[in-house]
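# Structure assessment
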Amino acid sequence: MADEFDVIVIGAGPAGENVADRAVRGGLSAAVVEENLAGGECSYWACIPSKALLRPVELAAEARRVPGLDVGPIDAAAVLARRDEAVSRYDDAGQVEWIEGVPAEFVRGRGRLDGPRRVRVDLPDGTSRSLTARHAVVLATGSRAAVPPVPGLAEAGPWTSHEVTAAEAVPERLAVIGGGVVACEMAQAMHGLGAAGTTVLVRGGRLLERLEPFASDLVAESFAASGITVRTRTEVTRVERPAPGGPVTVHLSSGPPVEADELLVATGRRPAVAGLGLESVGLAGDRPVAVDGSMRATGVDGGWLYAVGDVNGRDLLTHMGKYQARVCGDVIAARAKGEPDDLPALRDLAGGYGAPQVVFTDPQVCAVGRTEARAREEGLPVRAVEYDLGAVSGAYLLGDGYRGRAKAVVDTERRVLLGVTFAGPGAAELLHAATIAVTAEVPLERLWHAVPSFPTVSEVWLRLLEAYGL
């Protein structure tokens, strides 16, 4: 086995895989190092399994909104079995085969930096292997769930996103700490699959605080209607679990404690930098790896180190990590050949507009660009318009009681969209049109001529532009 490659990637998640693919397309050789499953967190414990769990709950809700359909209880065992299929039963043979077909060499083991352009890999058999990169080392190690230092919490063995998406059974009672995307999605998934006693404990004043307030309100109303309890402005002060795997008690700063059979902690994620050997190249080993617009790490002599995806702390979203990886792989190949690397296609542009994001609850929430609050904080000239999504003919046809809302944030001087948010059943399919409009900075006058089909929910675009005065 060769120990020298043009590019060495540490981490075989979606970001790492894409870096290797683009670098090889550019004529370079590559090795990909992974200590766990090739395919990463997204394939086995995040995006894919969580959506497999949520889809039946979403479909049941949609069916109940249409008169004439009789929806019985969801077969949780069947849903969990399909989840197992979706994650290839936690077997990464297919992912390894894909990497080797790039072609790149796959190295199973724990990789860490060992000085400039060097990577040391601790192999499963207890030995180690030293790899050298001719041009670049790329860190693509992702992130890990953060567990806050609450007395008794770690000792209680709580679920994180890793455990809840891999659950072998649905608890009767579930307590969720957090009010973000993972907390909302998994609370609704577990509740819909049979966790009748689901309680969400939110430190702040509302769910999904980074999104537009109306989106938070619609999700909260849906939770209340389905029987999910949400307690806001409350902090967890202590957790007790006398017997491993037994009932857990969550003590709060106000109000009665919450009793549950399982406890999910969904309070954010931290870049996975521990043990990466960042100190050996002069970087701090306890924070995200700062990068420039080409994903090159700043503060490293020689400019050979790069970081893509969650580990750089920019946009903790799988699709943004893959986008960064494509930029990074192209840049590395261009620099290796001595070609210009200052073309727009070789630079990170999308992140500056505001990454697109979908929350797969019912109702779905999706957004791209800036919220109104963020745009105003940045001092931009702003006017925002909203429209009742349920008043669009296409939405009415999807079912009785359809509730949703749309909002557009406009730069009044340049007359382009700064951000768009949709909330409503099935709203996620509206997002890419908004992403194109925001990222391409399509003028409102030109956007007005993009005629939406009738009767689709997309007609809301016309209504938003009319609300603006076009």
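In every chain, residue numbers begin from 1 and rise along the written sequence. Local features in a predicted model are, by the rule used here, given only for residues with pLDDT of at least 70; side-chain atom pairs are given and counted only at 80 or more, and totals for whole chains, interfaces and linings are based on all residues. Computation of side-chain values covers all heavy atoms of the structure but excludes hydrogens and water.

## Thoughts on the overall build of the protein chain
So the rule is basically this: Here a helix means four or more residues in a row that DSSP labels H or I, a strand means two or more in a row labelled E, and each is numbered from the N terminus. Each radius of gyration is computed over the set of C-alpha atoms, and the globule rule expresses the reference value as 2.2 Å times the number of residues to the power 0.38. The cut-offs for exposure are 20% and 50% of the maximum accessible area for each residue type, with area from a 1.4 Å probe on protein chains only; residues under the lower value are buried, those over the upper are exposed, and the others partly exposed. Here, two residues are considered to be in contact whenever any of their heavy atoms come within 4.5 Å of each other. Under the convention used here, Asp and Glu are negative, Lys and Arg are positive, and both His and the chain ends fall outside the count. Here the site of a charge means NZ on Lys, CZ on Arg, CG on Asp, or CD on Glu.
Looking only at helices and strands, the protein chain features 14 helices and 21 strands. Since a compact globule built from 470 residues should have a radius of gyration of about 23 Å, the 24 Å found for the protein chain is in line with a globular shape. Judged by the C-alpha coordinates and their principal axes, the protein chain covers about 65 × 65 × 40 Å. Out of the 470 residues belonging to the protein chain, those deemed buried represent 51%. Pairs at least 24 apart in sequence give 64% of the contacts found in the protein chain among residues at least 6 apart. Computed over 47 positive and 61 negative side-chain charges, the separation of the two mean positions in the protein chain equals 3 Å.

## Digging into the sheet that holds strand S19 (residues 382–388)
As a reminder, the rule being used: Whether two strands pair comes down to DSSP finding at least two bridges between them. Note on method: axes are straight lines fitted to C-alpha atoms, helices fitted across the in-contact stretch only, with angles between N-to-C directions ranging 0 to 180 degrees.
On the basis of which strands lie adjacent, the open sheet formed by five strands has the order S17-S18-S21-S20-S19 and antiparallel pairing. The sheet terminates laterally at strand S17 (357–359) and S19, the two strands that pair on one side only. Within this sheet the neighbouring strands show an average axis-to-axis angle of 10 degrees, counted without direction. With six bridges connecting them, strand S18 (residues 364–369) and strand S21 (residues 416–424) associate as antiparallel partners. In the sheet register, Gln364 faces S21, and the bridge partner there is Gly424. Most of the contacts of helix H14 (residues 460–468) go to S19, to which it runs at about 135 degrees, and overall it touches S19, strand S20 (405–411) and S21.

## Observations regarding helix H7 (residues 181–192)
Because the α-helix completes a turn every 3.6 residues, residues three or four places apart line up on one side. Going by this rule: To estimate the expected span of a helix, subtract one from its residue number and multiply by 1.5 Å.
The first and last C-alpha atoms of H7 sit 16 Å apart over 12 residues, in line with the 16 Å expected at 1.5 Å per residue. Burial analysis of H7 places nine of its 12 residues in the buried class, the great majority of the element. Immediately beyond the C-terminal end of H7, within one or two residues, lies Gly194, with a positive phi of roughly 135 degrees.

## Comments concerning H14
Rule in force here: The reported arc concerns the directions from the helix axis to the C-beta atoms and nothing else.
Within the sequence span of H14, burial applies to Val460, Trp461, Leu464, Leu465 and Tyr468. Along the long axis of H14, the arc covered by the buried residues comes to 140 degrees, so they all point the same way. On the buried face of H14, the contacting elements are S19, S20, S21, helix H12 (431–439) and helix H13 (444–447). Backbone geometry just downstream of H14 places Gly469 in the positive-phi region, at approximately 115 degrees.

## Some words on the sheet that holds strand S11 (residues 236–240)
The strand order across the open sheet formed by three strands is S11-S12-S13, and the pairing between neighbours is antiparallel. What marks the edges here is a single partner per strand, and that holds for S11 and strand S13 (258–260). Strand-to-strand, the axes of this sheet are offset by a mean angle of 20 degrees, without reference to chain direction.

## Quick look at the layout of surface pockets
Selection criterion: Here a cavity denotes a set of grid points, spaced 1 Å apart and computed over the protein atoms alone, in which a 1.4 Å probe fits but from which it cannot get out, and a pocket denotes an open set meeting protein on both sides within 12 Å along at least five of seven lines; residues with an atom within 4 Å of a point are reported as lining. Grid points are joined across faces, edges and corners, and a volume is the space filled by probe spheres set on the points. For this classification, the nonpolar set comprises Ala, Val, Leu, Ile, Met, Phe, Trp, Tyr, Cys and Pro, the charged set comprises Asp, Glu, Lys and Arg, and every other residue, Gly included, is treated as polar.
By volume, the second largest pocket is sized at about 540 Å³. Ala61, Arg65, Ser222, Ser226 and Asp362 are the residues nearest the centre of the second largest pocket, which is lined by 22 residues in total. It is helix H8 (residues 213–226) that contributes the most residues to the lining of the second largest pocket, five residues altogether. Along the lines of polarity and charge, the residues of the lining of the second largest pocket split into 10 nonpolar, seven polar and five charged.

## Concerning empty space enclosed by the protein
Scanning the model with the defined rule gives one cavity of 30 Å³ or more in all. Put simply, the largest cavity is a space of about 50 Å³. For the largest cavity, the full set of lining residues is Val385, Ala408, Val410, Leu417, Leu444, Leu447, Trp461, Leu464, Leu465 and Tyr468. For the lining of the largest cavity, the secondary structure elements donating two or more residues are S20, H13 and H14. The greatest single-element share of the lining of the largest cavity, amounting to four residues, is contributed by H14. In terms of residue class, the lining of the largest cavity is made up of 10 nonpolar, no polar and no charged.

## Quick look at the packing of helix H3 (residues 47–64) against H7
Condition: Roughly parallel covers angles under 35 degrees, roughly antiparallel covers those over 145, roughly perpendicular covers 65 to 115, and oblique covers all other angles. Two helices cross in a left-handed way if the nearer one is turned anticlockwise from the farther one by less than a right angle. They cross in a right-handed way if the turn is clockwise.
Running from amino to carboxyl end, H3 crosses H7 at an angle of 55 degrees, the nearest separation of the two axes being 9 Å. One finds that H3 runs oblique with respect to H7. The handedness of the crossing between H3 and H7 is left-handed. Taking contact as the criterion, the partners of Ser50, Lys51, Leu53, Leu54 and Val57 in H3 are, on H7, Glu185, Met186, Gln188, Ala189, Met190 and Gly192. Grouping the constituent residues of the contact of H3 with H7 by class yields six nonpolar, three polar and two charged.

## Observations regarding the environment of Gly399
If you trace the backbone, Gly399 turns up in the loop between helix H11 (393–398) and S20. Gly399 gets classed as buried once you look at its relative accessible area, which sits at 7%. Sequence separation of Gly399 and Ala297 is 102 residues, and the distance between their C-alpha atoms is 50 Å. Each residue touching Gly399, except ones within four places of it in the same chain, is listed here: Arg65 and Val66.

## With respect to the side chain of Thr234
Mapped onto the elements, Thr234 comes out in the loop between strand S10 (229–231) and S11. In this structure, Thr234 is in contact with Leu201, Val202, Arg203, Leu252, Ser253 and Ser254, ignoring residues within four places of it in sequence.

## Considering the environment of Leu264
Positionally, Leu264 belongs in strand S14 (residues 262–265). Through-space distance from the C-alpha of Leu264 to that of Gly313 is 23 Å; in sequence the pair is 49 residues apart. Those residues in contact with Leu264, other than ones at most four positions away along the chain, are Trp159, Thr160, Ser161, Val164, Leu174, Ala175, Val176, Ile177 and Met186.

## Focus: the packing of aromatic side chains
The condition that has to hold: Classification of ring pairs uses Phe, Tyr and Trp, with its six-membered ring standing for Trp, and accepts pairs whose centres are within 6.5 Å; under 30 degrees between planes counts as stacked, over 60 as edge-to-face, and the remaining range as tilted. Distance and angle both matter: a charge sits over a ring if NZ of Lys or CZ of Arg is within 6 Å of the ring centre and within 35 degrees of the ring normal.
Evaluation of the coordinates by the stated rule reveals three aromatic pairs. Seen from their ring centres, Trp45 and Tyr90 are 6.3 Å apart, and the 20 degrees between their planes marks the pair as stacked. On the criterion of sequence distance, the pair formed by Trp45 in helix H2 (residues 40–45) and Tyr90 in the loop between helix H4 (76–86) and helix H5 (93–101) is long-range, its members being 45 residues apart. Judged by relative accessible area, which is 13%, Trp45 ranks as buried. A residue is classified by how much of its surface remains accessible, and Tyr90, at 27% relative accessible area, is partly exposed. Aromatic side chains Phe422 and Trp461 sit 5.9 Å apart centroid to centroid with 70 degrees between the ring planes, which places their arrangement in the edge-to-face category. In this pair, Phe422 sits in strand S21 while Trp461 sits in helix H14, placing the two residues 39 residues apart along the sequence. Using a relative accessible area of 0% as the deciding quantity, one classes Phe422 as buried. One Lys or Arg, Arg383, reaches over the ring of Tyr468 and ends 4.4 Å from the middle of that ring.

Purely geometric numbers; function is a separate question.
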